[in-house]
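Observations on the model geometry
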Amino acid sequence: SAFQVARAARILPASTTRLFSSLALQAQQRMQIEKVQSHMLPAVAAGLGAPLSKRNAGVSVLGCAIAMVAVGGCAQGIGQLFAALVVGMARNPSMKEDLFT
């Protein structure tokens, strides 16, 4: 909308340019005010399940880190199983069929 006003101001004569430039300035100020207001948190009652208007990036990073710890634990468990298989085969190669089942 502000770009359309600026484009129209280029096309029209210089006498109307002042009008459109003031309109463009007002539109730009409105957009800045809306931008500032959108970053403000509304005063809501804090409670369980209270809606948040601002998404905190740090919380999502912590959630990803906790999930990666769980994935690492699963990988460690699988690694221990394969290590036990290798140790079992090294101690008694004749038990190969029993260890793979």
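Since this is a predicted model, take the numbers as computed values, not measurements.

The helix and strand inventory of the chain stands at 4 helices and 0 strands. Starting at the N terminus and ending at the C terminus, the chain contains elements arranged as α-α-α-α. Only carbon and sulfur atoms are counted for the fraction: they give 67% of the accessible area of the chain, which is about 8900 Å².

With that settled, the discussion passes to the confidence of the model for the chain. Per-residue confidence for the chain gives a mean pLDDT of 75; residues scoring 70 or more make up 60%. Here helix H1 (residues 2-11) is the element of the chain with the lowest mean pLDDT, 66, and helix H3 (residues 57-91) is the one with the highest, 90.

A few words on the environment of Ser94. Mapped onto the secondary structure, Ser94 falls in the loop between H3 and helix H4 (96-100). Since its relative accessible area comes to 63%, Ser94 is described here as exposed.

About the criteria used
- Residues numbered from 1 in each chain as written.
- Predicted model: local features only at pLDDT ≥ 70, side-chain atom pairs only at ≥ 80, totals over all residues.
- Heavy atoms only, no water.
- Helix = DSSP H or I, 4+ residues; strand = E, 2+ residues; numbered from the N terminus.
- Areas by Shrake-Rupley, 256 points an atom, 1.4 Å probe, with all protein chains shown as cover.
- pLDDT = per-residue confidence, 0-100.
- Buried < 20%, exposed > 50% of the residue type's maximum accessible area, 1.4 Å probe, protein only.

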